[in-house]
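Analysis of the macromolecular model
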Amino acid sequence: MRRIVVVGASAAGLAAVETLRREGYDGTLTLVGDEPRAPYDRPPLSKQLLAAQWEPDRLALRTPDDLAGLGLDLRLGVAATGLEPVDRTVRLADGSDLPYDGLVVATGVRPRRLPGEGAHVLRTLDDALTLRERLTPGRHLVVVGAGFLGAEAAAVAWGLGAHVTLLEPAAVPLAHAVGTAVGQVLSRAHVERGVDLRCGVTVTEVTEDGVRLADGTVIDADEVLVAVGSLPNTEWLDGSGLPVGDGLVCDEFCEAAWESPRPKVGGVYAAGDVARWYNPLFGTSMRVEHRTNAAEQGMAAARNLLRPEARKPFAPVPYFWSDQYDMKVQAYGFLRGHDEVAVVDGDLAERRFVAVYRTGDRVSGALAVGMPPKAIRLWRQAIAAGAAWSSTLRHVTL
Ligand SMILES: Cc1cc2nc3c(=O)[nH]c(=O)nc-3n(C[C@H](O)[C@H](O)[C@H](O)COP(=O)(O)OP(=O)(O)OC[C@H]3O[C@@H](n4cnc5c(N)ncnc54)[C@H](O)[C@@H]3O)c2cc1C
């Protein structure tokens, strides 16, 4: 293999190029990214950067020297616009073509938007800097969507002295992800601080003055942040024959499957938020938007691409964290679609607890709030081992 192209210059793409070099690949290595900036870290965007505790240079994932040391053909500020898998060529927006022997797709996701103009989203450094400039004390911020991103931004805005209204269509924020009882406990943190949390509310439109709800009510706001989920960046693969369905569909090795009857051409792997791959540990395909997964999958995809004869299934226990006010939330596993939640340590009401999740007859996830990392790490092992629910510790079912 003499030419490898990685599309997407962020956590997953960077991990892929570094792994390729570390594993001895010395051919041409092109890293393409549509953002003009060198790779930077996103989690601080809704935390330390938005809170003006950190400045942008602190988010850089690597120094210029580190990047130079990788010997990359670095193409920043240019998007990939097409893929011709039979000729093995990536087309770029500047009209050039990049032939490849191997390709890693790491193009991430972008925010879903609502009809209407003028709302903020929070995905890039520029998004975060623009919002932060506007979050002065006394301004009214409406956050649409009380998922992890919306909740973090609401917490930071409250801390900066803004008035915050948090609008959520579900009856309980995050219930679909973490269960109703845990979702209620997390959302109480907003209410106790005076954030105006309104659930069961659907926003249909962003207006000049704020947002319009499904019942016609208009909520006035100085700023609106839309945090209603994301869409995988796969449009550039349209027409390539690669199967796209809420992400680029991959097998357990992170290699892209191909639409039948088109013959499999091979050599295309995916990693990070854009990848929907089959995780054999859970026996299901999944796409996760977690920082740690992006790096780990970037490494796994690169290794499998480079050494197909020794490739290994990518079977991680996903991990994510979230910081809201003084709360640190940490979770392992795949919590969505769980059948039961149980608190095994601490106290839910005090927001210091470990909750574990059952899917079928096994432990599928664990979530901790306000606990030391070791309190949840044991559960990671149980999840990785596919431990049966009945064999785990005594618990109190919620
Ligand atoms: C505000 C915020 C807070 C977060 N907080 C947490 C957290 O607390 N914990 C956690 O676990 N995770 C968190 N995440 C998620 C985490 O940042 C992502 O999982 C991670 O960034 C995914 O990395 P990635 O490389 O797969 O994709 P991305 O970081 O999305 O990078 C993809 C890159 O590809 C580029 N691209 C897209 N299309 C093209 C194209 N056609 N051609 C060229 N380039 C293209 C994109 O512009 C982008 O630069 C947060 C994310 C955000 C936005």
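Remember, predicted model here, so these are calculated numbers, not experimental data.

About the criteria used
Per chain, residue numbering runs from 1 following the sequence as it is written. Only residues with pLDDT of at least 70 get local features here, since the model is predicted, and only at 80 or more are side-chain atom pairs given and counted; chain-wide, interface and lining totals rely on the full set of residues. Based on all heavy atoms of the structure, the side-chain values leave hydrogens and waters out of the count. Patches were defined on residues exceeding 30% relative accessible area and lacking a salt bridge, with like-charge contacts within 9 Å and nonpolar side-chain contacts (Val, Leu, Ile, Met, Phe, Trp, Tyr) within 5 Å. Each accessible area value is a Shrake-Rupley result obtained with a 1.4 Å probe; residue values ignore everything except the protein chains displayed when judging cover. Salt bridges are defined as contacts in which a side-chain nitrogen from Lys or Arg sits within 4 Å of a carboxyl oxygen from Asp or Glu. A positive count includes Lys and Arg, and a negative count includes Asp and Glu. His and the chain ends are not counted in either. Lys charges are placed at NZ, Arg charges at CZ, Asp charges at CG and Glu charges at CD. Helix and strand definitions follow DSSP, with helices as H or I runs of at least four residues and strands as E runs of at least two, each counted in order from the N terminus. Here an axis means a line fitted to C-alpha atoms, over the contact stretch when the element is a helix, while the angle between two N-to-C directions is reported on a 0 to 180 degree scale. Should the near helix be turned anticlockwise from the far one by less than a right angle, the crossing is left-handed, and should it be turned clockwise, the crossing is right-handed. Contacts between residues were defined by any pair of non-hydrogen atoms, one from each residue, lying within 4.5 Å. Neighbouring residues are identified by heavy atoms, a residue being near a molecule or strand if any of them is within 4 Å of it. In protein, a polar contact requires one atom able to donate a hydrogen and another able to accept it; more generally it is a pair of N or O atoms within 3.5 Å, and residues adjacent in sequence count only if both atoms are side-chain atoms. Each residue gets one of three labels, nonpolar for Ala, Val, Leu, Ile, Met, Phe, Trp, Tyr, Cys and Pro, charged for Asp, Glu, Lys and Arg, and polar for the others, Gly among them. With a 1.4 Å probe rolled over the protein chains alone, any residue whose accessible area is under 20% of its type maximum counts as buried; one over 50% counts as exposed, and the rest are partly exposed. Criterion used throughout: strands pair if DSSP finds at least two bridges between them. Stacked, edge-to-face and tilted are the three classes for Phe, Tyr and Trp ring pairs, Trp counted by its six-membered ring, which pair at centre distances within 6.5 Å; planes under 30 degrees apart are stacked, over 60 edge-to-face, the rest tilted. Only when the NZ atom of a Lys or the CZ atom of an Arg is both within 6 Å of the ring centre and within 35 degrees of the ring normal do we say a charge sits over the ring. In this scheme, a helix's expected span is set at 1.5 Å multiplied by one less than its residue total. Here the arc refers to the directions that run from the helix axis out to each C-beta atom.

1. As for a negative patch on the surface
- There is a patch of like negative charges on the surface, built from Glu208, Asp209, Asp220 and Asp222.
- By secondary structure assignment, the location of Asp220 is in strand β14 (residues 218–220).

2. What about the packing of helix α1 (residues 11–22) against helix α7 (residues 291–306)?
- Packing of α1 against α7 leaves a shortest axis separation of 7 Å and a crossing angle of 40 degrees. Regarding α1 and α7, the two cross each other, and that crossing is right-handed. Where α1 abuts α7, its residues Ala11, Ala12, Ala15, Ala16, Thr19 and Leu20 lie against Arg291, Ala294, Ala295, Gly298, Met299, Ala302, Arg303 and Leu306.

3. What about the site of the ligand?
- Within the structure, the ligand sits among 34 residues, and Asp34, Glu35, Arg42, Lys47 and Arg123 are positioned closest to it.
- Here an oxygen atom of the ligand and a backbone polar atom of Ala12 are 2.9 Å apart.
- Here the shell around the ligand is built from residues that sort into 16 nonpolar, nine polar and nine charged.

4. Quick notes on the pattern of salt bridges
- In this structure the tally under the stated criterion is 27 salt bridges.
- Between Glu23 and Arg307 there is a salt bridge, and its shortest N-O distance comes to 4.0 Å. Highlighted residues: Glu23 in the loop between α1 and β2 (28–33) and Arg307 in the loop between α7 and β21 (319–324), separated in sequence by 284 residues.
- Accessibility expressed as a relative area gives 33% for Arg307, which makes it partly exposed.
- Of the charged contacts, one joins Arg132 and Glu55 as a salt bridge, the two residues approaching to 2.7 Å between their closest N and O atoms.

5. Thoughts on the side chain of Glu168
- With respect to the helices, strands and loops of the structure, Glu168 is situated in strand β10 (residues 163–168).
- In this structure, Glu168 is buried with no salt-bridge partner, the nearest side chain bearing the opposite charge being Arg336 at 11 Å.
- A polar contact of 2.8 Å, which involves the side chain of Glu168, links it to the backbone nitrogen of Ala146.
- In terms of polar contacts, Glu168 uses its side chain to reach the backbone amide nitrogen of Ala170, at 3.0 Å.
- When sequence neighbours within four positions are dropped, the list of residues in contact with Glu168 reads Gly145, Ala146, Gly147, Pro173, Arg198, Cys199, Gly200 and Val201.

6. Quick notes on the sheet that holds strand β5 (residues 89–92)
- Reading across the sheet, the three strands line up as β4-β5-β6 and stay open at both edges, with antiparallel pairing between neighbours. The open sheet terminates on both sides in strands that have one partner only, identified here as β4 (80–84) and β6 (97–99). On average, each strand axis in the sheet is tilted by 20 degrees relative to the strand beside it, whichever way the strands run.
- In this sheet, β6 lies alongside β5 in antiparallel orientation, the contact comprising three bridges. By the bridge assignment, Thr89 is partnered in β6 with Pro99.

7. Overview of the pairing of strand β23 (residues 340–347)
- The pairing of β23 with strand β24 (residues 352–359) spans seven bridges and is antiparallel. Looking at β24, one finds that Val341 is bridged to Tyr357.
- Connecting the antiparallel pair β23 and β24 is a turn made up of four residues, with Arg351 showing a positive phi of about 55 degrees.

8. Quick notes on unusual backbone geometry
- Of note, the phi angle at Ala52 is positive, near 60 degrees, even though the residue is not glycine.
- Its place among the elements puts Ala52 in the loop between β2 and α2 (64–69).
- Within the chain, Arg88 stands out as a residue other than glycine whose phi angle is a positive 55 degrees.
- Structurally, Arg88 can be placed in the loop between β4 and β5.

9. Looking at the packing of aromatic side chains
- Under the defined criterion, the tally for this structure stands at six aromatic pairs.
- An angle of 65 degrees between the planes, with centres 4.9 Å apart, marks the rings of Phe148 and Phe320 as edge-to-face. Of this pair, Phe148 sits in helix α4 (residues 148–159) while Phe320 sits in strand β21; the two residues are 172 residues apart in sequence, bridging distant segments of the chain. Residues Phe148 and Phe320 agree in their burial class; the two are buried.
- Site record: aromatic cluster; members linked through ring pairs are Tyr319, Trp321 and Tyr332.
- Over the ring of Trp158 we find Arg193; its NZ or CZ atom is 5.6 Å from the centre of that ring.

10. A few points about α4
- Here α4 spans 17 Å end to end across twelve residues, near enough to the 16 Å set by a 1.5 Å rise per residue.
- With respect to burial, α4 is a largely interior element, nine of its twelve residues being buried.
- Buried within α4 are the following residues: Phe148, Gly150, Ala151, Glu152, Ala153, Ala154, Ala155, Val156 and Ala157.
- In the segment just after α4, Gly161 is the residue with positive phi, at about 95 degrees.

11. Let's talk about helix α3 (residues 125–134)
- Within the sequence span of α3, burial applies to Leu125, Asp127, Ala128, Leu131 and Arg132. Down the axis, α3 shows its buried residues gathered within 155 degrees of arc, on one side only.
- Where α3 is buried, its residues contact β9 (140–144) and β15 (223–226).

Keep in mind these values describe shape, not function.
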